[in-house]
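Close look at the chain arrangement
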Amino acid sequence: SQKIEQNSEALNIQEGKTATLTCNYTNYSPAYLQWYRQDPGRGPVFLLLIRENEKEKRKERLKVTFDTTLKQSLFHITASQPADSATYLCALLGFGNEKLTFGTGTRLTIIP
Amino acid sequence: EPEVTQTPSHQVTQMGQEVILRCVPISNHLYFYWYRQILGQKVEFLVSFYNNEISEKSEIFDDQFSVERPDGSNFTLKIRSTKLEDSAMYFCASSLAGGKNSPLHFGNGTRLTVT
């Protein structure tokens, strides 16, 4: 069955360091991968989208990589700040459909 | 910035009752979705809606569920006969051009509690 796994349930990072979150998938051939941020009691908020033929995307302090051979995406936040503390979700979309499937999420805490 | 709005923010209902969850998507968006998140679990796809019809649905979206876009601005999710296991946060989302080319914009959800 299709699985999307994010490296750990919780990750604690010192302020100013780079946080790296991992998304691995199996039995899936995604065409598009998206990363979202979710704060407690709120809906997911879109961060970045990367296509299967793109290796890397950047937006300000955020960087996403997409390796279809390893079936993995890495999400980096550089110069992390306490305000970056949230749950981060990866989500995959296959070709020809609109079913965006979410991973389990990683709860990131940036420690001042 | 335009946003997706959902009402009510919290709905309590008795098992077996019908509920309608309401959403106003972003006005120029063409794709609409419902997702749910049971407490402590992942966000799960329920249904996508485009051009006035369901484009995809998950196995969760059985005959008890239906969606409607009654008036060109609202998008509703109806659960005909609620069960205890329907208790969850329900998120509506909309997208300008579908998830391939544009992000999904989520509302802040309706927390449904079935007693």
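Our structure's up above, just so we're on the same page.
Described in the following lines is the structure provided in the data block. What you see is a predicted model, and the numbers here were worked out from it, not measured in a lab. (Residues numbered from 1 in each chain as written. Chains lettered and ligands numbered in written order. Predicted model: local features only at pLDDT ≥ 70, side-chain atom pairs only at ≥ 80, totals over all residues. Heavy atoms only, no water.)

Glancing now at the pattern of salt bridges. All names here are of chain A. In the structure shown here, the tally under the stated rule is 5 salt bridges over all chains. Arg-58 is the salt-bridge partner of Glu-56, the closest N and O atoms lying 2.9 Å from each other. Relative accessible area serves as the criterion here: at 40%, Glu-56 is assigned to the partly exposed category. Residue Arg-58 is classed as exposed on the basis of its relative accessible area of 57%. Residue Arg-61 is joined to Asp-84 by a salt bridge in which the shortest nitrogen-to-oxygen separation is 2.9 Å. A residue pair is termed long-range when its members are at least 10 positions apart, and Arg-61 in the loop between strand 6 (56-59) and strand 7 (62-67) and Asp-84 in the loop between strand 8 (72-77) and strand 9 (86-94) qualify at 23 residues. Owing to a relative accessible area of 8%, Asp-84 belongs among the buried residues under this scheme. (Salt bridge = Lys/Arg side-chain N within 4 Å of Asp/Glu carboxyl O. Buried < 20%, exposed > 50% of the residue type's maximum accessible area, 1.4 Å probe, protein only. Helix = DSSP H or I, 4+ residues; strand = E, 2+ residues; numbered from the N terminus.)

Further remarks concern the environment of Thr-82 of chain B. Residue and element names in this part refer to chain B. Among the secondary structure elements, Thr-82 is positioned in the loop between strand 8 (75-79) and strand 9 (88-95). Note: C-alpha distance between Thr-82 and Met-15 (67 residues apart in sequence) is 5.2 Å. Within the local environment of Thr-82, its side chain forms a polar contact with the backbone oxygen of Gln-17, the two atoms lying 2.9 Å apart. (Polar contact = N/O pair within 3.5 Å; in protein donor to acceptor, adjacent residues only side chain to side chain.)

Residues and elements named next belong to chain A. Mapped onto the elements, Ala-31 comes out in strand 4 (residues 30-38). Given the relative accessible area of 1%, Ala-31 is considered buried. Sequence separation between Ala-31 and Glu-52 is 21 residues; the distance between their C-alpha atoms is 5.0 Å. With residues up to four places along the chain from it excluded, the contact list for Ala-31 reads Ile-50, Arg-51, Glu-52, Leu-93, Gly-94 and Phe-95. (Contact = heavy atoms within 4.5 Å.)

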